[in-house]
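In case you want the letters, here they are:
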Amino acid sequence: MATVTFDHVFKRFGDVVAVNDLSLQVRDGEFLVLVGPSGCGKTTALRMLAGLEEQTSGDILIGDRKVNDVAPKDRDIAMVFQNYALYPHMSVYDNIAFGLKLRGTPKAEIERRVKDVAGILGLGELLHRKPKELSGGQRQRVAVGRAIAREPAVFLMDEPLSNLDAKLRIQTRAELGKIHQRVGKTTIYVTHDQVEAMTMGDRIAVMKDGVLQQIGTPQDLHDRPVNLFVAGFIGSPSMNFFSARVTGAPGEAAGDTGFAKVPLGHRADPLVGRDVVLGLRPEDIHDLSRQPQDGRLPVETKVEVVEYLGNELQLYLAADGQTFVARVAADTQTQPGAALRVGFDLRKVQLFDKATEEAIR
Amino acid sequence: MSAESVVSPLPGRRVRSRWPAIGLTGVLIVLAIPLIFPLWWMISAGFMGAHEVFAYPPRFAPETWRLDNIDEVFARQPFGRQFVNSVYIAALNVGGTIVVSSLAGYAFARIPFPGRTVVFVLFLSALLMPLEVLIIPLYILMKELGWLGTHVPLIVEPIFGAPAVVATFVMRQHFLSLPIELEDAARIDGLGRLGIFRHIALPLAKPALATIAILTFLASWNSFLEPLVFVAGVPELMTVPIGLTQYVEVYGEPIWNIQMAASSLSVVPILVVFVFAQRHFVRGISRAGIQG
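The structure reproduced in this document is the subject of the present report. Along each chain, residue indices are assigned from 1 in the same order as the chain's sequence is written. Ligands are numbered from 1 and chains lettered from A, in the order in which they are written. Reporting in this predicted model follows two pLDDT cut-offs: at least 70 for local features of residues, and 80 or more for side-chain atom pairs to be given and counted; totals over whole chains, interfaces and linings ignore these cut-offs and use all residues.

Some points on the overall build of chain A
Part 1 of the argument: Looking only at helices and strands, one finds eight helices and 20 strands in chain A.
Part 2 of the argument: Considering only C-alpha atoms, chain A reaches an extent of 75 × 45 × 35 Å along its principal axes. Helix and strand definitions follow DSSP, with helices as H or I runs of at least four residues and strands as E runs of at least two, each counted in order from the N terminus.

So this is what it looks like as structure tokens:
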């Protein structure tokens, strides 16, 4: 069993707290994505799990074994690095076989595993080449192959796709997903790209400033973000936020944004008189000339920018000095400067406390 | 389509002129003369008669190529023995310097320890002291150790002295340029500190190692003051540079043609080393420069 547990883990570099009281458990066989902006502590967390950094305090467990003082090579892990870290002076074969050789694996067994991995990743023709003779995508596959050949309990991946071009990244993303299904090992994948996180992760852990913000399935994070940061980080384009004050009598409480009074239902009853932030994703703002009004709050807007994306339009809209983004059908007839009547989907409005930035359910 | 139209240049396409290349080559040849002429003079004078060297108008090639001069080089003193001395001392210097400078360079580049920067600056400051200042204390030290009149000082001093400081600096710069992830990957693969040095860092340092090998070899081969001080007076212990000064007649004047013949022989090992390691040498120097 290869669960991974962080138990109240801290990491300080001098005065900087890189990882702040991280506690989370990764299930056996799960693909967990650690995501967050640069400097949020996700890579440090991964390096501590690998044994490349020592935590300042707290425990890290792989399975039931506490690995705080275990050397990287004895943690039964394999890691894929952002720049692949292939040994330049060794052939592809030797790169994949090196870790096995050091572990004293019999030669025949090494050969079998390298051949197996080469088969899975389509590296058969490249085994005798040096890394410098490979393309970026091929190097990436060798790096993954080196990890798989070790047959570790846990795979660690540190932004393994970020050096690939956009097209190859999407392709490799799918391949990594397939490999994970096939190998079925616990995988922890670090990225700053929320699209990668959403598409690959069984669960996603969002970090910011060294603190774990939320852990959940992609749908959890998208539909029920726990705070403003997660709400803004997950989803592209980002969620629209509107400052509002809750007004009205209990049962009829509404968020007054200045350009509209957004009905909030009973959950806002205790909030009357308080400042809140309303969140609404761009896909939940509809063109009312094409959709019925029921369940939607009509808002008169002016179109500022129209971005044509082929399958949809992104509209930058303005209402009473506030701007926000809407995703509408590609054949919507509008242009910059035109007026557009849109509907806010009231079932999808998220509510956040302005002071604490926490979600209010 | 006719055969002509296939090979003729496309209309409007500029044919590159060969004149700039010819001009550049001409300039380089002229600039090379001051460098090549003394070498040529040394070689040709080595085959001349004693008086031919001073002939006026000067001769740029001997009238007859006197191979006897070579025999005389070996007849006048144990030049063969001195040659072997220089070769084995240089070889041990190269080997020792590679071991010391690569280990020290790696430590300075990769192992964090308190005061690392201070120690490194102190270490570099050794370059500021000229050998002439140190030679007397060194002489006393070697005397105390009982190493005078042996080759030991010529082997030990350069390995831990100024030539090794330069070599350590070159190695440190090289190791700094190695991506840290390579070492992380090696640690996960199962290597310890020395294993990483041996299996990852060192094989990737070949150009830098070739550079320090050549620099060390040259420094040792040309070294004059130390052998003069530490093994003076015993022809069998002398190295080539000291031996070259011994081709003198009774009044202390050089016997030019024999000395030139011996000098010509003394540059052969350097040419051999350069021919084999030139590629690495240039690459190593340019890398060290970029990383500095």
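Picking up where we left off.
Here we look at the overall build of chain B
Part 1 of the argument: Helix and strand counts for chain B stand at 15 helices and zero strands.
Part 2 of the argument: Atoms counted for the radius of gyration: C-alpha only. Globule rule: 2.2 Å times residue count to the power 0.38. The globule rule puts the C-alpha radius of gyration for 292 residues at 19 Å, and the 26 Å found for chain B is more than 25% above it.
Part 3 of the argument: The burial label depends on the number of other C-beta atoms within 10 Å of a residue's C-beta. Counts of 20 or more mean buried, 12 or fewer mean exposed, and intermediate counts mean partly exposed, with C-beta atoms placed from the backbone. For chain B, the proportion of its 292 residues judged to be buried stands at 30%.
Part 4 of the argument: By the convention adopted here, residues make contact when the C-beta atoms placed from their backbones lie within 7 Å. Within chain B, contacts between residues at least 6 apart in sequence are counted, and of these 77% link residues at least 24 apart.

Thoughts on the sheet that holds strand E20 (residues 350-353) of chain A
Residues and elements named next belong to chain A.
Part 1 of the argument: Strand pairing is assigned whenever DSSP detects at least two bridges linking the two strands. Here we have five strands laid out as an open sheet, ordered E13-E12-E11-E14-E20, and antiparallel in their pairing. The open sheet has two edge strands, strand E13 (261-263) and E20, and neither has a second partner. Here the strands of the sheet are splayed against their neighbours by 40° on average, with no regard to which way each runs.
Part 2 of the argument: Summarising the sheet, strand E12 (residues 254-256) and E13 pair through three bridges and their orientation is antiparallel. In the strand pairing of E13, Ala254 is matched with Pro263. In this analysis an axis means a line fitted to C-alpha atoms, helices contributing only their contacting stretch, and an angle means the value between N-to-C directions, from 0 to 180 degrees.

Regarding helix H7 (residues 152-160) of chain B
Part 1 of the argument: When H7 of chain B is considered as a whole, its buried residues turn out to be Pro153, Leu154, Glu157, Pro158 and Ile159 of chain B.
Part 2 of the argument: Against helix H4 (79-110), helix H6 (131-145), helix H8 (162-176), helix H11 (206-222) and helix H12 (225-230) of chain B lie the buried residues of H7 of chain B.

Describing the packing of H4 of chain B against H11 of chain B
Residues and elements named next belong to chain B.
Part 1 of the argument: Running from amino to carboxyl end, H4 crosses H11 at an angle of 140°, the nearest separation of the two axes being 9 Å. With respect to their mutual orientation, H4 and H11 come out oblique. When you trace H4 past H11, the crossing you get is right-handed. Contacts between H4 and H11 involve Ser86, Ile89, Ala90, Asn93, Val94, Thr97, Ile98, Ser101 and Ser102 on the former and, on the latter, Leu209, Ile212, Ala213, Thr216, Phe217, Ser220 and Trp221. An angle below 35 degrees is read as roughly parallel, one above 145 as roughly antiparallel, one from 65 to 115 as roughly perpendicular, and any other as oblique. A crossing counts as left-handed when the near helix is turned anticlockwise from the far one by less than a right angle, and as right-handed when that turn is clockwise.

Quick notes on the interface of chain B and chain A
Part 1 of the argument: Listed by partner, the interface residues are 13 residues for chain B and 17 residues for chain A.
Part 2 of the argument: Broken down by element, the residue count for the side of chain B that touches chain A peaks at seven residues, all from helix H9 (residues 180-189) of chain B.
Part 3 of the argument: Any residue outside Ala, Val, Leu, Ile, Met, Phe, Trp, Tyr, Cys, Pro, Asp, Glu, Lys and Arg is labelled polar, Gly included; the first ten of those are nonpolar and the last four are charged. Taken together, the residues of the side of chain B that touches chain A break down into eight nonpolar, one polar and four charged.

A word on the sheet that holds strand E5 (residues 65-66) of chain A
All names here are of chain A.
Part 1 of the argument: Pairing is antiparallel in the open sheet, where four strands are placed in the order E2-E1-E4-E5. Either end of the sheet is taken by a strand with one partner, and the two such strands are strand E2 (16-26) and E5.
Part 2 of the argument: The pairing of strand E4 (residues 57-62) with E5 spans two bridges and is antiparallel. The partner of Leu61 across the bridge, within E5, is Lys66.
Part 3 of the argument: Packing against the sheet, helix H1 (residues 42-50) makes contact with strand E1 (4-13), E2 and E4, and its axis sits at approximately 115° to E1.

Quick word on the environment of Gln194 of chain A
Residue and element names in this part refer to chain A.
Part 1 of the argument: On the secondary structure map, Gln194 appears in helix H6 (residues 194-200).
Part 2 of the argument: Residue Gln194 is classed as buried on the basis of its C-beta count, with 23 C-beta atoms lying within 10 Å.
Part 3 of the argument: Considered as a pair, Gln194 and Gly36 are 158 residues apart in the sequence and their alpha carbons are 7.9 Å apart.
Part 4 of the argument: In this view, Gln194 contacts Val35, Phe233, Ile234 and Ser236; residues no more than four positions away in its chain are not counted.

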